[in-house]
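Survey of secondary and tertiary structure
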2 protein chains.
Amino acid sequence: MTYLLINRLTAKPGQRDAVARILVDSGAVFDDDPACLMSLVVLDAGDDDVIWVQDIWTDREAHDRAMAGPEMREGIEAAIPLLEGVPEQHEVTPVGGTSPFGF
Amino acid sequence: MTYLLINRLTAKPGQRDAVARILVDSGAVFDDDPACLMSLVVLDAGDDDVIWVQDIWTDREAHDRAMAGPEMREGIEAAIPLLEGVPEQHEVTPVGGTSPFGF
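All figures in this text were calculated on a predicted structure; none of them were measured in a lab.

Calculation rules
Residues numbered from 1 in each chain as written. Chains lettered and ligands numbered in written order. Predicted model: local features only at pLDDT ≥ 70, side-chain atom pairs only at ≥ 80, totals over all residues. Heavy atoms only, no water. Helix = DSSP H or I, 4+ residues; strand = E, 2+ residues; numbered from the N terminus. Rg over C-alpha atoms; globule rule 2.2 N^0.38 Å. Areas by Shrake-Rupley, 256 points an atom, 1.4 Å probe, with all protein chains shown as cover. Lys, Arg positive; Asp, Glu negative; His and termini not counted. Charge placed at Lys NZ, Arg CZ, Asp CG, Glu CD. Salt bridge = Lys/Arg side-chain N within 4 Å of Asp/Glu carboxyl O. Least-squares fit on C-alpha atoms with pLDDT ≥ 70 in both. Contact = heavy atoms within 4.5 Å. Buried area = accessible area lost by both parts, 1.4 Å probe. Polar contact = N/O pair within 3.5 Å; in protein donor to acceptor, adjacent residues only side chain to side chain. Pairing = 2+ DSSP bridges. Axes fitted to C-alpha atoms, helices over the stretch in contact; angles between N-to-C directions. Buried < 20%, exposed > 50% of the residue type's maximum accessible area, 1.4 Å probe, protein only. Phe/Tyr/Trp six-rings, centres within 6.5 Å; stacked < 30°, edge-to-face > 60°. Lys NZ or Arg CZ within 6 Å of the ring centre and 35° of its normal.

A word on the overall build of chain A
- Across its full length, chain A holds three helices and four strands.
- Ordering the α and β elements of chain A from the N terminus gives β-α-β-β-α-α-β.
- Radius of gyration (C-alpha) of chain A: 14 Å, near the 13 Å computed for a compact globule of 103 residues.
- A total accessible area of about 5,100 Å² is found for chain A, and carbon and sulfur atoms account for 52% of it.
- Within chain A, the 19 negative side-chain charges are centred at a point lying 3 Å from the centre of the 7 positive side-chain charges.

A few points about the pattern of salt bridges
- Per the counting criterion, the structure on display carries eight salt bridges over all chains.
- Linking Glu88 of chain B and Arg8 of chain B is a salt bridge whose minimum nitrogen-to-oxygen distance equals 3.7 Å. Of this pair, Glu88 of chain B sits in strand S4 (residues 88–98) while Arg8 of chain B sits in strand S1 (residues 3–10), and the two are 80 residues apart along the sequence.
- Via salt bridges that share partners, Arg60, Asp64 and Glu91 of chain A belong to a single interconnected network.

Comments concerning the relation of the copies chain B and chain A
- Mapping chain B onto chain A calls for a rotation angle of 180° and an axial translation of 0.0 Å; the resulting RMSD is 0.0 Å. Taken together, the rotation angle and the small translation identify this as a two-fold axis. Closest approach to the rotation axis among the C-alpha atoms of chain B is made by Pro100 of chain B, whose C-alpha sits 4.0 Å away.
- A share of 100% of interface residues in chain B that are also interface residues in chain A marks the association as one of identical surfaces.

Points about the interface of chain B and chain A
- At the junction of the two partners, chain B supplies 34 residues and chain A supplies 34 residues.
- Summing both sides of the interface, chain B and chain A together bury roughly 2,700 Å²; the carbon and sulfur share of this comes to 63%.
- When the area that chain B buries against chain A is broken down by residue, the three leading residues are Leu40, Val95 and Thr98 of chain B, summing to 22%.
- Joining chain B to chain A, the criterion identifies zero salt bridges.
- If you look at where chain B meets chain A, you find 14 residue pairs in polar contact (both at pLDDT 80 or more).
- Listing elements by their share of the side of chain B that touches chain A, those giving two or more residues are S1, helix H1 (16–26), strand S2 (36–44), strand S3 (50–57) and S4 of chain B.

So, the sheet that holds S4 of chain B
- Spatial ordering of the closed barrel is given by S1(A)-S3(A)-S2(A)-S4(B)-S1(B)-S3(B)-S2(B)-S4(A), a layout of eight strands whose pairing is antiparallel. Across this sheet, the average inter-strand angle for adjacent strands is 30°, counted without regard to direction.

A look at the side chain of Gln54 of chain B
- As for its placement among the helices and strands, Gln54 of chain B is situated in strand S3.
- Residue contacts for Gln54 of chain B: discarding those within four places in its chain leaves Ile6 and Gln54 of chain A together with Leu5, Met38, Ser39, Leu40 and Val42 of chain B.

Thoughts on the pairing of strand S3 (residues 50–57) of chain A
Residues and elements named next belong to chain A.
- Counting buried positions along S3 yields eight of eight residues, so the element is predominantly enclosed.
- Of the two faces of S3, the one lined by Val50, Trp52, Gln54 and Ile56 and the one lined by Ile51, Val53, Asp55 and Trp57 are each fully buried.
- Judged from the eight bridges that link them, strand S1 (residues 3–10) and S3 form a sheet pairing that is antiparallel. Considered in S3, the bridge of Leu4 is made with Ile56.
- Bridge count between strand S2 (residues 36–44) and S3: seven bridges; the pairing is antiparallel. Paired with Ser39 across the bridge in S3 is Asp55.
- Two successive antiparallel strands, S2 and S3, enclose a turn made up of five residues.

Thoughts on helix H1 (residues 16–26) of chain A
- Residues Arg16, Val19, Ala20, Ile22, Leu23, Val24 and Ser26 of chain A constitute the buried set of H1 of chain A.
- Packed against the buried residues of H1 of chain A are S1, S2, S3 and helix H3 (70–79) of chain A together with S4 of chain B.

Quick word on the packing of aromatic side chains
- This structure, assessed with the given rule, holds five aromatic pairs over all chains.
- Relative to Trp52 of chain B, the ring of Trp52 of chain A has its centre 5.9 Å away and its plane inclined at 75°; by these criteria the two rings are edge-to-face. Residue Trp52 of chain A is located in strand S3, and its partner Trp52 of chain B is located in strand S3; the two belong to separate chains.
- For Trp52 of chain A, a relative accessible area of 1% corresponds to the buried category.
- Above the face of the Trp52 of chain B ring, Arg8 of chain B is positioned so that its terminal group lies 5.7 Å from the ring centre.

What follows is the structure in structure tokens.
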């Protein structure tokens, strides 16, 4: 079953660009993972410290496997000291709308 | 320039499904709007009252025009009494990651 997450991360002041760079770099391997339909890193225009990651995966197992890969583990280790608190992770279920994903 | 929004709506207790139905129905016109790359309505698995709408449009003007259409205006009018407070609207800027949208 499709697995969707909305992640909200708060960087320590002045560290958002560094965190975003780590997320983009360590997530580059997802480009070659057919289970990753989307993993989009975006900056909040209204809060200078907030980064969102919008994830859409074919299934939860594939997501968990990808997150446990060495690139992502290194990235997480590098990002944690630059974050304020623990990232919010919202698991969500699609009910409709427009998308290229067939749901 | 691409225009992205992460919207977070809180329904009054017991009203989430009704709000989601209104959003999906009134947003059905977006399927025929080439400026709408995504407008995905999802339910928060961890909060029974929360709905997110993840929007990706080719440009802000097209989004604003679509939101002002009669279907969406009717939908908004119908949804407002079923909501708790005012929806959070987070404008966001993509910095990278995996997506079918070329950014």
